[in-house]
Amino acid sequence: MRVLITGANGFVGNYLVKRLLEKGYTVGILELARRDFFTEKQVKQYIIDILDCSAVQSCMIDFQPDSVIHLAAQSNVDVAWNKAALTASVNVVGTINVMNALNTVNPTGKFINIGSGDEYGITAKTNSLLNEGMPCLPQNPYAISKFCAEQIILKLGKKQKIKIISTRSFNHFGPYQKRGFVVSDFSSQIAAINKGMQRPVITVGDLSAERDFLYVEDVVDAYIKLLEQDVEPGIYNVASGRAISIKHILDLLLKISESNIEVLVDERKYRPVEIKSFAGDNSKIIMATQWEIKGCLEDDLKTTLEYWYKVMGE
Ligand code: A2R
């Protein structure tokens, strides 16, 4: 099977491409910038901006994918507040471009769009597990862009034969995630302190907020299940099903690091719209695909912290 991965050089894309290659897929990658994580022998590489409609079209004509997993995005919530137009263009228009291009070359193909648990927005204030039938009331430009893209492609998909699957993926973490996400921010600071590169103080935002965390390998497992199985088109939460406080994450990381670090709360780090608790109901994807979560929070945080020690040691 021929699978095209957009955003393949990003955090999740890298893991996903490796796993698909191990499984024997023919993989194409569509990327904004050349990074050479993979050789031309392993993957067919297209360096393209997804906003360039005709380049995206040419890539599809050349690669002829059976399926596309669309990860390319402006994925950072804080950046989205400052670059709302770019976020809206890449995440909405870019997604439509990729989906339309697949539809042109393979009208019976499968398009897996990666959305966000953040799309539920203030619906999370009900404090129950969020399921795919609940309304979405997204509260930041990133989440709004993901919701718009999802809704437009699902509506377009209904008029065509193409199979559209759109995930609502909750927080994920692991080695190689960029700073700007909670686990990578804490881990990189702890590693810098441990290597004597930063004084032993960590500045944090709202520690009482609770989020639904998955290890990146579990996220990739979910995407591969959605790719390989004949699931109904529509929306699927990719979630752990439990809300964990940011304080618990920090406490675990501090415990693993065995270091004596002062924690300073900086209210300027609070998000403009903070929703206390977010957790997704994962029963739909589990029923449809038999996806199993294998990660163990403490072990996976340890692996992530060890990665940052290596980064800081280099
Ligand atoms: O900005 P770069 O050079 O790191 O490239 C990013 C790529 N990308 C694009 N590719 C083509 N055309 C564009 N206009 C464009 N803008 C960005 O998408 C990067 O390689 C990739 C996104 O990777 P990350 O930011 O590392 O996201 P992550 O954590 O892997 O999340 C994957 C998906 C995203 O749709 C998130 O919104 C969702 O999962 O949570």
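Now for a quick tour of the structure.

Turning next to the environment of Ser257. Examined against the element boundaries, Ser257 turns out to sit in helix α8 (residues 246-257). Note on Ser257: relative accessible area 9%, which makes it buried. Sequence separation of Ser257 and Ile190 is 67 residues, and the distance between their C-alpha atoms is 7.5 Å. When residues no more than four places from it in sequence are discounted, the contact partners of Ser257 are Ile190, Asn194, Leu305 and Tyr309.

Mapped onto the secondary structure, Lys195 falls in the loop between α6 (182-194) and β8 (201-204). Judged by its relative accessible area of 41%, Lys195 is partly exposed. Counting along the chain gives 177 residues from Lys195 to Lys18, while the straight-line C-alpha distance between them is 31 Å. Sequence-distant contacts of Lys195, that is, excluding residues within four places in its chain, are made with Tyr309, Met312 and Gly313.

Right, let's get into the packing of α8 against helix α10 (residues 297-313). At a closest axis distance of 10 Å, the pairing of α8 and α10 adopts a crossing angle of 65°. Considering how the two elements wind past one another, α8 and α10 form a crossing that is right-handed. Here His248, Ile249, Leu252, Leu253, Lys255, Ile256 and Ser257 of α8 lie close against α10, whose contacting residues are Leu297, Glu298, Leu301, Lys302, Leu305 and Tyr309. Residue composition of the contact of α8 with α10, by class: eight nonpolar, two polar and three charged.

Rules and cut-offs
- Residues numbered from 1 in each chain as written.
- Predicted model: local features only at pLDDT ≥ 70, side-chain atom pairs only at ≥ 80, totals over all residues.
- Heavy atoms only, no water.
- Helix = DSSP H or I, 4+ residues; strand = E, 2+ residues; numbered from the N terminus.
- Buried < 20%, exposed > 50% of the residue type's maximum accessible area, 1.4 Å probe, protein only.
- Contact = heavy atoms within 4.5 Å.
- Axes fitted to C-alpha atoms, helices over the stretch in contact; angles between N-to-C directions.
- Left-handed = near helix turned anticlockwise from the far one by under 90°.
- Nonpolar A, V, L, I, M, F, W, Y, C, P; charged D, E, K, R; others polar.

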